[in-house]
Amino acid sequence: MSNNNGFLPLPKGLSTIAIHEGQDPDKRTNREVVIPISMTTTYKQEAPGNYKEYEYIRHGNPTRDALEKIIAKMECAKHAACFSSGLGAISSLLTLLKHGDHFVCIEDIYGGTNRLFLEIASNFGIEVTFAENNVDAFEKCIRPSTKMIFVESPTNPTLQVVDLEEMGKLAKRRNLMFVVDNTFLTPFFQRPISFGADVVVHSLSKYMNGHSDVCMGALVTNDDKLGEKFHFFQKAIGAVPSPFDCYQIIRSLKTLPLRMKQHFKNGLAVAEYLEKHPKIEKVMHPALPSHPQHELAKRQSSGHSGILSFYLKGDMGASTKFLNSLKYFTLAPSLGGAESLAALNVLMTHSWVPEQQRKKLGITDNLIRLSVGLEDEEDLIADLEQALNNV
Ligand code: P1T
């Protein structure tokens, strides 16, 4: 991977941040080298209402605080707040909007986020318009009541890349809050704040944890007022993670740069293999020159993770046969773990998305999404080869 496949140079210092930020043993009572898990839910007060740093677990916890410092620094931001899931973070963020407010969202988005916006936010009088992936389409959807622009980049599951800089400029011009879900790339490959994002959202359940054994989310910002509000949401809404889970992610982040480099390498090898295969119609991966936003991806990110999608030639029968024949790729939703996963998004991650929207986006019976893991590249390709032979 000389010159990083034409992408931006890999960020320097991220491993050091993950291993050292806020973790100086001299600053801890017992000089522990590893951040301890603090499980207490409550703290003794010196007099009624008189407490030191911590009061109650929902309001704040030392292990959670340590994780939040690391995540903020990795995203080049001042504040991060962790929630009990990615959707928990996004739901908490939505409470910044009021009855009668409107926001514009990219039309291709994780199915659970789509469901939250259409089925839950609407109950509170908050309206969403889904827009195509271009700045003009977003601008056309803006109304006097519009407060926010929400995008994922790359999108789930069709891997469209959004021009973050241009979208950030639009948001600034129209005085809107610009939110970017950075789950697919992590701060190792993309830092949306440098392109004008006001808030970065993460499902930490994916690459940031990387081992498919924690559910958590985060909101990240450079704005002091927003940062304060996000901590208030933890206390007032209560979707907070367990200290044990926070410890797991602190542990996982130490290997994030190593893991992401390997996900990029394995994912690209799989994408290149699939693109040449006669039974494959089309492969979506931002590092392939055939990707419509390939040049943009290279300008705004340092690489790509292990996520790719492709169209198999055939129908639901062919997709089922292929998926059932896989040995190392496990048929399961989610992504970003060490183990490779395969999903049929139409029936799994995006079954809730209205049929018309799914059809327009190309979430069809033959669209398959892979989360390429950390196994040996040759074994993964051999697995795909034997499964394709069965179709
Ligand atoms: O699962 P949770 O931690 O609540 O995160 C939700 C979420 C938010 N943003 C993106 C881009 C996501 O992909 C997800 C979750 N996605 C899956 C479970 C999936 O299989 O796509």
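For clarity, every value in this text was computed on a predicted model and none was experimentally measured. (Residues numbered from 1 in each chain as written. Predicted model: local features only at pLDDT ≥ 70, side-chain atom pairs only at ≥ 80, totals over all residues. Heavy atoms only, no water.)

Here we look at the nonpolar core
Ranked by size, the top nonpolar core spans 119 residues in total, and within it Phe150, Leu274 and Leu370 carry the most contacts. Composition of this core by domain shows at least three residues from each of domain 1 (9-253) and domain 2 (256-389). If we ignore the near neighbours within four places in the chain, the residues touching leucine 370 are Val270, Leu274, Gly306, Ile307, Leu308, Phe310, Phe329, Leu341, Ala342 and Leu384. (Core = buried A, V, L, I, M, F, W, Y, C linked by side-chain atoms within 4.5 Å. Buried < 20%, exposed > 50% of the residue type's maximum accessible area, 1.4 Å probe, protein only. Domains from an automatic or database assignment. Contact = heavy atoms within 4.5 Å.)

Remarks on the domain arrangement of the protein chain
It is common to give the size of an interface as the accessible area that goes away when the parts come together. Domain boundaries in the protein chain define domain 1 (9-253) and domain 2 (256-389). Each side of the interface is counted separately: domain 1 has 48 residues, and domain 2 has 43 residues. Between domain 1 and domain 2, roughly 3,600 Å² of surface is buried when both sides are summed, and carbon and sulfur atoms account for 61% of that area. Interface area lost by domain 1 to domain 2 is led by Leu159, Phe189 and Tyr207, which between them contribute 22%. (Buried area = accessible area lost by both parts, 1.4 Å probe.)

Quick notes on the pairing of strand E4 (residues 146-152)
For E4, the buried fraction is high: 6 of the 7 residues fall into the buried class. Across 4 bridges, strand E2 (residues 102-106) lies against E4 in parallel orientation. By the bridge assignment for E4, histidine 102 is matched with threonine 146. Pairing analysis gives 5 bridges linking E4 to strand E5 (residues 177-181), with the strands arranged parallel. Paired with valine 151 across the strands is valine 180, a residue of E5. Handedness of the β-α-β unit built from E4, helix H6 (residues 164-173) and E5 comes out right-handed. (Helix = DSSP H or I, 4+ residues; strand = E, 2+ residues; numbered from the N terminus. Pairing = 2+ DSSP bridges. Right-handed = clockwise from strand over helix to strand, strands pointing away.)

A closer look at the packing of aromatic side chains
The description of an aromatic ring pair uses the distance of the two centres, along with the angle that the planes make with each other. Under the criterion given, the structure shown has 9 aromatic pairs. On the numbers, 4.8 Å between centres and 85° between planes, the contact of phenylalanine 103 with phenylalanine 117 is edge-to-face. Separated by 14 residues along the polypeptide, phenylalanine 103 in strand E2 and phenylalanine 117 in helix H4 (residues 111-120) bring together distant segments of the chain. Considered together, phenylalanine 103 and phenylalanine 117 belong to a single accessibility category, that of buried residues. Among the aromatic residues, those joined into a cluster by ring pairs are Phe7, Phe188, Phe189 and Phe264. The positively charged end of arginine 115 is found above the aromatic ring belonging to tryptophan 352, 5.5 Å away from the centroid. (Phe/Tyr/Trp six-rings, centres within 6.5 Å; stacked < 30°, edge-to-face > 60°. Lys NZ or Arg CZ within 6 Å of the ring centre and 35° of its normal.)

Observations concerning the side chain of asparagine 366
Tracing the backbone shows asparagine 366 in the loop between helix H13 (355-361) and strand E12 (367-371). For asparagine 366, a relative accessible area of 12% translates into the label buried. A polar contact of 2.8 Å, which involves the side chain of asparagine 366, links it to the backbone oxygen of leucine 312. Residue contacts for asparagine 366: discarding those within four places in its chain leaves Glu281, Phe310, Tyr311, Leu312, Gly314 and Ser319. (Polar contact = N/O pair within 3.5 Å; in protein donor to acceptor, adjacent residues only side chain to side chain.)

Some words on the pattern of salt bridges
Enumeration according to the criterion identifies 16 salt bridges in this entry. The partner of aspartate 26 in a salt bridge is arginine 31, and the shortest N-O contact between them spans 2.4 Å. The same class applies to aspartate 26 as to arginine 31, namely exposed. Of the charged contacts in the structure, one is a salt bridge between lysine 359 and glutamate 355, with a shortest N-O distance of 3.2 Å. Pair noted here: lysine 359 and glutamate 355 are both in helix H13, with a separation of 4 residues, about one helical turn. We classify lysine 359 as exposed; its relative accessible area is 60%. Salt bridges linked by common partners bring Glu107, Glu132 and Lys360 together as one network. (Salt bridge = Lys/Arg side-chain N within 4 Å of Asp/Glu carboxyl O.)

Examining the site of the ligand
Around the ligand, the structure places 18 residues, and the nearest of them are Gly86, Asp181, Ser205, Ser334 and Arg369. Take glycine 86: an N or O atom from its main chain is 2.8 Å from an oxygen atom of the ligand. One of the backbone N or O atoms of serine 334 is found 2.7 Å from an oxygen atom in the ligand. When the ligand is considered free in solution it has 470 Å² of accessible area, and contact with the protein chains removes 92% of it. Each residue belonging to the shell around the ligand can be placed in one class, and the counts come to 6 nonpolar, 8 polar and 4 charged. Taken domain by domain, the makeup of the shell around the ligand includes at least three residues from each of domain 1 (9-253) and domain 2 (256-389). (Near = heavy atom within 4 Å. Areas by Shrake-Rupley, 256 points an atom, 1.4 Å probe, with all protein chains shown as cover. Nonpolar A, V, L, I, M, F, W, Y, C, P; charged D, E, K, R; others polar.)

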